[in-house]
Amino acid sequence: MNSYIALNPEQLESIKRTKGKLLVVGGPGTGKTEVALFKIAHLIEKKSVDPGSILTLTFSRNGAKFLRDRVTTLIKNSYFEIPIQTFQS
């Protein structure tokens, strides 16, 4: 998995937290998408979570495509399918 260097301590804590619910709130450009992407990679690579059990929702088809593309670059040997869809789907 790529380095966490660009993330702040709160973002790192969000990525590594596996107990309970988690809400990531922030304005545009604050790293919410990066946290989601690294969280998915962390769950799959470090916690052995089945990729098919991770549902990721976004508001637009472009956003879903972006997330799919980024997840496949973050996770080596990503031959599996992660459900990344729009809310409308």
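Before any of the text, the structure's been laid out above.
Residues numbered from 1 in each chain as written. Predicted model: local features only at pLDDT ≥ 70, side-chain atom pairs only at ≥ 80, totals over all residues. Heavy atoms only, no water.

Can you explain the packing of helix α1 (residues 9-16) against helix α2 (residues 32-45)? Please cite residues and give values.
Packing of α1 against α2 leaves a shortest axis separation of 8 Å and a crossing angle of 40 degrees. The orientation of α1 relative to α2 falls into the category oblique. Every pair of crossing elements has a handedness; the one defined by α1 and α2 is right-handed. The residues of α2 that touch α1, namely those facing Gln11, Ser14, Ile15 and Lys16, are Val35, Phe38, Lys39 and His42. (Axes fitted to C-alpha atoms, helices over the stretch in contact; angles between N-to-C directions. Helix = DSSP H or I, 4+ residues; strand = E, 2+ residues; numbered from the N terminus. Parallel < 35°, antiparallel > 145°, perpendicular 65-115°, else oblique. Left-handed = near helix turned anticlockwise from the far one by under 90°. Contact = heavy atoms within 4.5 Å.)

Lay out the pattern of salt bridges in plain terms, naming residues and giving numbers.
Counting across every chain of the model gives two salt bridges. For Arg70, the salt bridge is made with Glu34, and the minimal N-O distance between the two is 2.7 Å. In this pair, Arg70 sits in helix α3 (residues 61-74) while Glu34 sits in helix α2, placing the two residues 36 residues apart along the sequence. Lys65 is the partner of Asp69 in a salt bridge, and the nearest nitrogen-oxygen pair spans 2.8 Å. Of this pair, Asp69 and Lys65 both sit in helix α3, separated by four residues, roughly a single helical turn. Look at Lys65 and you get partly exposed, because its relative accessible area is 48%. (Salt bridge = Lys/Arg side-chain N within 4 Å of Asp/Glu carboxyl O. Buried < 20%, exposed > 50% of the residue type's maximum accessible area, 1.4 Å probe, protein only.)

Go over α2, please, and point to the residues and values.
Here α2 spans 20 Å end to end across 14 residues, near enough to the 20 Å set by a 1.5 Å rise per residue. Listed as buried for α2 are Val35, Leu37, Phe38, Lys39, Ile40, Ala41, His42, Leu43 and Ile44. (Expected span 1.5 Å × (residues − 1).)

Can you lay out unusual backbone geometry for me, pointing to particular residues and giving the numbers?
Phi is positive for Ser48, close to 55 degrees, though the residue is something other than glycine. A residue is classified by how much of its surface remains accessible, and Ser48, at 65% relative accessible area, is exposed.

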